[in-house]
Amino acid sequence: MPLGPRLAERVGERRGLAVGLVLTITVVAFENLGVATAMPVVARELGGLSLYGWAFTAPLLASIVGITVAGRQVDRLGPGLPFAAGLVLFATGLTIAGTARTMPILVAGRFVQGLGTGAVPPVAYAAIGRAFADRARARMFALMSTAWVLPGVVGPAIAGTVAEEIGWRWVFLAIVPLVFATGCLALPTLLAIGRPAVVATSGIRGPIGRAAALAAGVGLVVAGLSWLSPLAIPVVIAGIAIATRPLQKLLPRGTLKLARGLPAAAAARGLQTFAFFGAEAYIPLALNDLRNQRAAVAGLVLTGSTITWTTGAWVQERSGHAAGRRRLVGRGFVVLTAGVVLGSMVLLDAVPVAAAAAGWALAGLGMGMSYSGLSLIVLAEAPPGREGEATSALQLSDVLGMALGTGLGGAAVALGNAAGWSPRPGVAVAFALAATAGVLACAASRRLPMGRETDHEDPLAIHGAVGDPGIGADRSPSG
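The shown structure was predicted, so the numbers you read here are calculated from the model rather than taken from an experiment.

## Let's talk about the overall build of the protein
Each helix and strand counted, the protein has 18 helices and 0 strands in total. Split into buried and exposed, the 479 residues of the protein put 60% on the buried side. Put simply, 83% of the contacts in the protein that link residues at least 6 apart link residues at least 24 apart. For the protein, the exposed surface amounts to about 17,300 Å²; the carbon and sulfur share of it is 68%.

Rendered as structure tokens:
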């Protein structure tokens, strides 16, 4: 039985949905932080430093397809079935990666895993948009950020210890039972939401093809950049040519030009995740291989940013409505960029590891202040029945930012490794690119919608598109 059209003013009115989503995010967080901490150990055992970046890039590229499919299917079928399919793929990928004997097989498992994890964000965002009013949505996003606290406090340290003392394979395999346990808790409430009152009529075949082409194009760009061959240049050019058209179709019209409104929000999300995750992926590598720290120490550094991210999310929940979501998101971008710059000081032997860790905690605070604020802005802009499409565009930009950030950094590390250098120059390039993305995000924040409290205005008042007319332009006074 559908939950009904009334939007809950308080999270407690939809307790089952809230608990299910928070627990699912908790499991995803354990996996995310655990793998990031254990990857240096995995690369040493499997002898795959040249594929280090691909262990992060492959699942992100796969999630482009997962996000696109789930976002459209949420608008057609409701969130339950896409959620179930995503968890099955996620568990399958974890099993493949955990039993891999070579680095290419591990990367393949991570790819399958990414197909599944891509389904979770649009399902969660659409469910929140259809079940909660604006202030309750803000509380839900803060709770989902809080779901990272326990994994952030104990996950990286546990993963580092398990990887070094028991075996890195259990960092993947131990998550599988938890995936199905949380699925059993969350699925009934997601099925209860049912189909939206206004069912999307657009087909799914075209978006899937565009998503696959986009993933292939981005993959070619990343591969070409890390390839020491004269053929690398035409491979990169081909990748850009393949990716450009589907990217323009899948993102809101005007995203690449930072057009005001939802296009600027999508662009800002991609720059934001490029800045944070493009640096975070190489924090453990820098600490382990350049500063001779144990994996558990790298885990503690990641833990600090997880806690401050949650702190920033609660700042957004408490102050975003009064201060203005756009204003607080812009401040968050400034804090994020400063944190990336300070965190990059880990490359300097004269700088204490603790100082670099403090910088990375600052980056986490900036992410918390801005990440959920952008999500709330997009939900406020989405017309009824198309929350999945709108939020899948946001998540698509999210993943592209992570894929390009980790992929380009990985290409720099791979090129340095092929030339016989230490990882230091490549990691320095990764940090420099991340800081540049942060600066661009600050610029994009000036073109965001106001993000005022609003619950589903008339969709005919919204102009622009995600692939076709219906979702896009700014409704703020300055738009």
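## Observations regarding the side chain of Thr 310
Within the secondary structure, Thr 310 sits in helix H14 (residues 295–323). Residue Thr 310 is classed as buried on the basis of its relative accessible area, which comes to 5%. Ignoring any residue separated from it by four or fewer positions in sequence, one finds Thr 310 in contact with Ser 145, Thr 146 and Val 149.

## Some points on a nonpolar patch on the surface
A surface patch of nonpolar side chains, amounting to about 240 Å² of accessible area, comprises Val 19, Leu 23 and Leu 185. One can find Leu 23 in helix H1 (residues 15–46). You can call Leu 23 partly exposed: its relative accessible area is 32%.

## Remarks on the pattern of salt bridges
Applying the stated rule across the entire model yields 7 salt bridges. Note that Arg 110 and Glu 31 form a salt bridge whose closest N and O atoms lie 2.8 Å from each other. Placement of Arg 110 in helix H4 (residues 103–117) and of Glu 31 in helix H1 is noted, with a sequence separation of 79 residues between them. Comparing Arg 110 with Glu 31 shows no difference in burial state: the two are buried. Here Asp 398 makes a salt bridge to Arg 269, at a shortest N to O gap of 3.4 Å.

## Section: the confidence of the model for the protein
Confidence in the prediction for the protein averages 81 pLDDT; 88% of positions are at 70 or higher. Residue range residues 451–479 is modelled with pLDDT below 50. Its contacts to residues more than four positions away, or to other chains, number 95 contacts.

## Details of helix H6 (residues 134–146)
Compared with an ideal rise of 1.5 Å per residue, which puts 13 residues at 18 Å, H6 spans 19 Å between its outermost C-alpha atoms and is within 8% of the ideal. Of the residues making up H6, those classed as buried are Asp 134, Ala 136, Arg 137, Ala 138, Met 140, Phe 141, Ala 142, Met 144 and Ser 145.

## What to know about unusual backbone geometry
In most cases, non-glycine residues show a negative phi, while peptide bonds are predominantly trans. Although it is not a glycine, Leu 258 sits at a positive phi angle of roughly 55°. Tracing the backbone shows Leu 258 in the loop between helix H11 (232–250) and helix H12 (262–280).

## Considering the packing of aromatic side chains
The full count for this structure, using the stated rule, is 9 aromatic pairs. Note on Tyr 52 and Phe 56: the rings are 5.5 Å apart at their centroids and 55° apart in plane angle, and the pair reads as tilted. Separated by 4 residues within a single helix, Tyr 52 and Phe 56 lie in helix H2 (residues 52–77), roughly one turn from each other. Residue Tyr 52 is classed as buried on the basis of its relative accessible area, which comes to 1%. The buried category is assigned to Phe 56, whose relative accessible area is 11%. Between Tyr 52 and Tyr 282, the ring centres sit 6.3 Å apart and the planes meet at 45°, which makes this aromatic pair tilted. Of this pair, Tyr 52 sits in helix H2 while Tyr 282 sits in the loop between H12 and helix H13 (283–290), placing them 230 residues apart in sequence. As far as the burial class goes, Tyr 52 and Tyr 282 line up, both buried. An aromatic cluster of three or more residues is present, and its members are Phe 276, Phe 277, Trp 309, Trp 360 and Tyr 371. The side chain of Arg 269 reaches across the aromatic face of Tyr 371, ending 3.7 Å from its centre.

## Some remarks on H13
For H13, a buried count of 7 out of 8 residues is recorded, marking the element as mostly surrounded by other parts of the structure. Buried residues of H13: Ile 283, Pro 284, Leu 285, Ala 286, Leu 287, Asn 288 and Leu 290, and no others. Backbone geometry just downstream of H13 places Asn 292 in the positive-phi region, at approximately 55°.

## Quick word on the environment of Leu 115
With respect to the helices and strands, Leu 115 occurs in helix H4. Taking the C-alpha atoms as reference, Leu 115 lies 5.0 Å from Ala 62; in sequence the two are 53 residues apart. Ignoring any residue separated from it by four or fewer positions in sequence, one finds Leu 115 in contact with Ala 62, Ser 63, Val 65, Gly 66 and Leu 89.

## Quick notes on the packing of H2 against helix H5 (residues 120–131)
Closest axis-to-axis distance for the H2/H5 pair is 9 Å, and the angle between their directions is 30°. Taken together, the axes of H2 and H5 lie roughly parallel to each other. Crossing of H2 against H5: the hand is right-handed. Within the contact between the two elements, H2 uses Ile 67, Ala 70, Gly 71, Val 74 and Asp 75 and H5 uses Pro 122, Val 123, Ala 126 and Arg 130. Grouping the constituent residues of the contact of H2 with H5 by class yields 6 nonpolar, 1 polar and 2 charged.

Cut-off values and rules
Residues numbered from 1 in each chain as written. Predicted model: local features only at pLDDT ≥ 70, side-chain atom pairs only at ≥ 80, totals over all residues. Heavy atoms only, no water. Helix = DSSP H or I, 4+ residues; strand = E, 2+ residues; numbered from the N terminus. Buried < 20%, exposed > 50% of the residue type's maximum accessible area, 1.4 Å probe, protein only. Contact = heavy atoms within 4.5 Å. Areas by Shrake-Rupley, 256 points an atom, 1.4 Å probe, with all protein chains shown as cover. Patch = residues over 30% accessible without salt bridge, like charges linked within 9 Å, V, L, I, M, F, W, Y side chains within 5 Å. Salt bridge = Lys/Arg side-chain N within 4 Å of Asp/Glu carboxyl O. pLDDT = per-residue confidence, 0-100. Expected span 1.5 Å × (residues − 1). Phe/Tyr/Trp six-rings, centres within 6.5 Å; stacked < 30°, edge-to-face > 60°. Lys NZ or Arg CZ within 6 Å of the ring centre and 35° of its normal. Axes fitted to C-alpha atoms, helices over the stretch in contact; angles between N-to-C directions. Parallel < 35°, antiparallel > 145°, perpendicular 65-115°, else oblique. Left-handed = near helix turned anticlockwise from the far one by under 90°. Nonpolar A, V, L, I, M, F, W, Y, C, P; charged D, E, K, R; others polar.

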